[in-house]
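# Observations on the model geometry
The lines below spell out each chain.
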Amino acid sequence: MSNVSISTNNLCIGYRRSGSGGDKQHDTVVQKDLTFSLLRGEMVCMLGPNGCGKSTLLRTLAGLQPALSGEFTHGDAKNIALVLTERLSMDNTTVHDVVALGRYPYSSFLDGLKAEDETIISESLRQVGFETSGSQDSDISHTFFNAHSDGEKQRILIAKALAQQTPIILLDEPTAHLDLPHRILILRLLRRLAHEQEKTILISTHELDLALALSDRILLMTPRQGVQLDSAENLKKSDAFTSAFGMDIFNPLGEK
């Protein structure tokens, strides 16, 4: 069995515009000629300036929007989990029910959730920093999703992705809205899941310092000029970050 989990070949991503007769000149290309491979058991952080196509790539790999050309594969993975940054509003929906959505591919509509599913839901919430007691008064799973802060909602949605128990997890800025301790907690958790459960985890983030410290490799995206996939050390040595961001991001004071 190949160790490659996600593979792209000359992938072109962007937005398809409808034109007369299917005229492709109306397509908006964000990135093209993307060819790279991600491995089982690694956490890769995707870095790059705003507008370079990080979210578009994640949405394309997740199947939410079509590739303009080229191809990509998910190895032998049948399902993938995706966490986006869009703010969701779910009226009259409990935290338990949100996380339980991750178990629906494994459950029957008639039979409902089994004891194993409930255990996975509780464990997923615990992994992102929420304790579940089973008590109606103190268990967060009984509270309404909309009653929580943006940061707490983000952690709940990550718990939903964990509950799916998929071999691939794609996350678009999963630490947005989180304070520093929870940013570190989430990235440490995702790194541990990648290593211990051989998951492939791809994260779009602006957390440069945490990405450099915790990721196995960096997928560095440059506006309209493709991606480089390598260790943080090699990318720093080649001055790739300066090329991608248009400035020396490791010298914020601009000192010579």
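First, a word on what this report is: a plain description of the structure on this page. (Residues numbered from 1 in each chain as written. Predicted model: local features only at pLDDT ≥ 70, side-chain atom pairs only at ≥ 80, totals over all residues. Heavy atoms only, no water.)

This next bit is on the side chain of H74. Checked against the element boundaries, H74 lands in the loop between β4 (69-73) and β5 (80-83). Of the polar contacts made by the side chain of H74, one reaches the backbone oxygen of L61; its length is 2.7 Å. Contact partners of H74, with chain neighbours within four places excluded, come to S5, I6, L61, I80 and I168. (Helix = DSSP H or I, 4+ residues; strand = E, 2+ residues; numbered from the N terminus. Polar contact = N/O pair within 3.5 Å; in protein donor to acceptor, adjacent residues only side chain to side chain. Contact = heavy atoms within 4.5 Å.)

Along the chain, the position of N3 falls in the segment before β1 (4-15). Separated by 211 residues in sequence, N3 and L214 have C-alpha atoms that sit 21 Å apart. What N3 contacts, discounting residues up to four positions off in sequence, is L38, L39 and R40.

What follows deals with the packing of helix α4 (residues 150-164) against helix α5 (residues 180-197). Direction vectors running N to C along α4 and α5 enclose 10°, while the axes themselves pass 12 Å from each other. Judged by the inter-axis angle, α4 sits roughly parallel to α5. Contact residues: α4 offers R155, I158 and L162, while α5 offers H182, I186, L189 and L193. Broken down by class, the residue content of the contact of α4 with α5 amounts to five nonpolar, one polar and one charged. (Axes fitted to C-alpha atoms, helices over the stretch in contact; angles between N-to-C directions. Parallel < 35°, antiparallel > 145°, perpendicular 65-115°, else oblique. Nonpolar A, V, L, I, M, F, W, Y, C, P; charged D, E, K, R; others polar.)

It is worth spelling out the side chain of D27 at this point. For D27, the location among the structural elements is in the loop between β1 and β2 (28-39). On the basis of relative accessibility, which here comes to 17%, the residue D27 falls in the buried class. Polar side-chain contacts of D27 include one of 3.4 Å to the side chain of R16. Apart from residues lying up to four places away in sequence, D27 is in contact with Y15, R16, R17 and L68. (Buried < 20%, exposed > 50% of the residue type's maximum accessible area, 1.4 Å probe, protein only.)

Glancing now at the state of the cysteines. Applying the stated rule across the entire model yields zero disulfides. Not engaged in a disulfide, the cysteine C12 finds its nearest cysteine sulfur in C52; these two sulfurs lie 15 Å apart. According to the relative accessible area criterion, C12 is buried, its value standing at 8%. In this structure C52 comes out as buried when scored by relative accessible area, which is 1%. (Disulfide = S-S within 2.5 Å.)

Counting residues in hydrophobic clusters, the biggest one holds 45 residues, and the most contacted among them are I201 and I218. It is α4 that contributes the most residues to this core, seven residues altogether. Every residue in contact with I201, bar those within four places of it in the chain, is listed here: E42, M43, V44, I169, L171, L190, L193 and A194. Membership of the second largest hydrophobic core comes to 20 residues, among which are L34, M46, L202 and L219. (Core = buried A, V, L, I, M, F, W, Y, C linked by side-chain atoms within 4.5 Å.)

What follows is about the pattern of salt bridges. If you walk through the whole model with that rule in mind, you get eight salt bridges. R191 is the salt-bridge partner of D216, the closest N and O atoms lying 3.7 Å from each other. Taken together, the positions of D216 in the loop between α6 (208-214) and β8 (217-221) and R191 in helix α5 put the pair 25 residues apart, joining distant regions of the chain. Judged by its relative accessible area of 27%, R191 is partly exposed. A salt bridge links K237 to E233; the nearest nitrogen and oxygen atoms lie 3.2 Å apart. In this pair, K237 and E233 both sit in helix α7 (residues 232-237), four residues apart, roughly one turn of the helix. (Salt bridge = Lys/Arg side-chain N within 4 Å of Asp/Glu carboxyl O.)

Moving on: the sheet that holds strand β9 (residues 227-230). What the six strands build is an open sheet, ordered β5-β6-β7-β3-β8-β9; its pairing is mixed. Every other strand in the sheet has two partners, leaving β5 and β9 as the edge strands with one partner each. Neighbour-to-neighbour, the strand axes of this sheet turn through a mean angle of 15°, independent of strand direction. Summarising the sheet, β5 and strand β6 (residues 168-172) pair through four bridges and their orientation is parallel. Residue pairing in the sheet places I80 in a bridge with I168 of β6. (Pairing = 2+ DSSP bridges.)

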